[in-house]
Amino acid sequence: MANTSENETQKKADGGKPPSPAAVILSAKQQLSELLGLPTEAVSSCERADDGTWKLSVEIVELPRVPDTMTLLASYDVEVDADGELIGYRRTRRYERGRADRR
């Protein structure tokens, strides 16, 4: 992980722009997958907060099964700092791929 002065240097080198949503999503998926040792499936939400942090909801494959409709997935709330580094996560839901939410 880069220190603050390296991050500031990088921001100045690229015009001081914050990372794009696409870059944040790719980075968050990779970091969470590495931490959990599990593959990411999708990002179902992404929003940037006023303080520059990002909040995402990432779907993870927790237990692959056959048939695929029985695969166990989990939703994780993920927080990423303004530089795209993961700063926190928590699992919010577990479900089988073939089951929809009741509404």
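Residues numbered from 1 in each chain as written. Predicted model: local features only at pLDDT ≥ 70, side-chain atom pairs only at ≥ 80, totals over all residues. Heavy atoms only, no water.

Visitor: Looking at this structure, how should I read the pairing of strand 2 (residues 54-63)?
Guide: If a strand is regular, its side chains alternate between the two faces of the sheet. Across the 10 residues that make up strand 2, a large majority, 8, are buried. Hairpin remark: strand 1 (residues 40-48) followed by strand 2, antiparallel, with 5 residues in the connecting loop; positive phi at Gly52, about 95°. Examined bridge by bridge, strand 2 and strand 3 (residues 72-80) share 9 bridges and lie antiparallel to one another. Residue Leu63 lies in a different strand from strand 3, and its bridge partner there is Leu72. (Buried < 20%, exposed > 50% of the residue type's maximum accessible area, 1.4 Å probe, protein only. Helix = DSSP H or I, 4+ residues; strand = E, 2+ residues; numbered from the N terminus. Pairing = 2+ DSSP bridges.)

Visitor: Would you take a moment to explain the side chain of Glu59 for this structure?
Guide: Take Glu59: it is sitting in strand 2. Lacking a salt bridge, the buried Glu59 has Arg93 as its closest oppositely charged neighbour, with an N-O distance of 5.0 Å. Within the structure, Glu59 has its side chain in polar contact with the side chain of Tyr95 (distance 2.6 Å). Apart from residues lying up to four places away in sequence, Glu59 is in contact with Thr40, Glu41, Ala42, Ser44, Ala74, Ser75 and Tyr95. (Lys, Arg positive; Asp, Glu negative; His and termini not counted. Salt bridge = Lys/Arg side-chain N within 4 Å of Asp/Glu carboxyl O. Polar contact = N/O pair within 3.5 Å; in protein donor to acceptor, adjacent residues only side chain to side chain. Contact = heavy atoms within 4.5 Å.)

Visitor: I tried to follow the sheet that holds strand 1 on my own but got confused; where do I start?
Guide: As a general point, the strands of a sheet are linked pairwise by backbone hydrogen bonds and lie either parallel or antiparallel. What the 4 strands build is an open sheet, ordered 1-2-3-4; its pairing is antiparallel. The strands lining the two open edges of the sheet, one partner per strand, are strand 1 and strand 4 (86-96). Between one strand axis and the next, the sheet turns through 20° on average, direction left out of account. Together, strand 1, strand 2, strand 3 and strand 4 form the strand contacts of helix 2 (residues 21-36), whose direction differs from that of strand 2 by roughly 40°. (Axes fitted to C-alpha atoms, helices over the stretch in contact; angles between N-to-C directions.)

Visitor: Help me understand unusual backbone geometry in this model?
Guide: Note: most peptide bonds trans; most residues except glycine with negative phi. In this model, Val66 is joined to Pro67 through a cis peptide bond whose omega is 0°. Positionally, Pro67 belongs in the loop between strand 2 and strand 3.

Visitor: Can you walk me through the pairing of strand 3 in this structure?
Guide: Of all 9 residues that make up strand 3, 7 are buried, and the element is covered over most of its length. One ladder, built from 9 bridges, connects strand 3 with strand 4; its direction is antiparallel. Within strand 4, the position partnered with Val80 by the bridge is Leu86. Hairpin remark: strand 3 followed by strand 4, antiparallel, with 5 residues in the connecting loop; positive phi at Gly84, about 90°.

Visitor: Can you help me understand the confidence of the model for the chain in this one?
Guide: The pLDDT averaged across the chain works out to 86; a share of 84% of its residues lies at or above 70. Helix 1 (residues 4-13) is the least confidently modelled element of the chain, averaging 43 in pLDDT, while strand 3 averages 97, the highest of any element. Segment residues 1-13 is flagged for pLDDT under 50; beyond a separation of four residues in sequence, or across chains, it makes 6 contacts in the model. (pLDDT = per-residue confidence, 0-100.)

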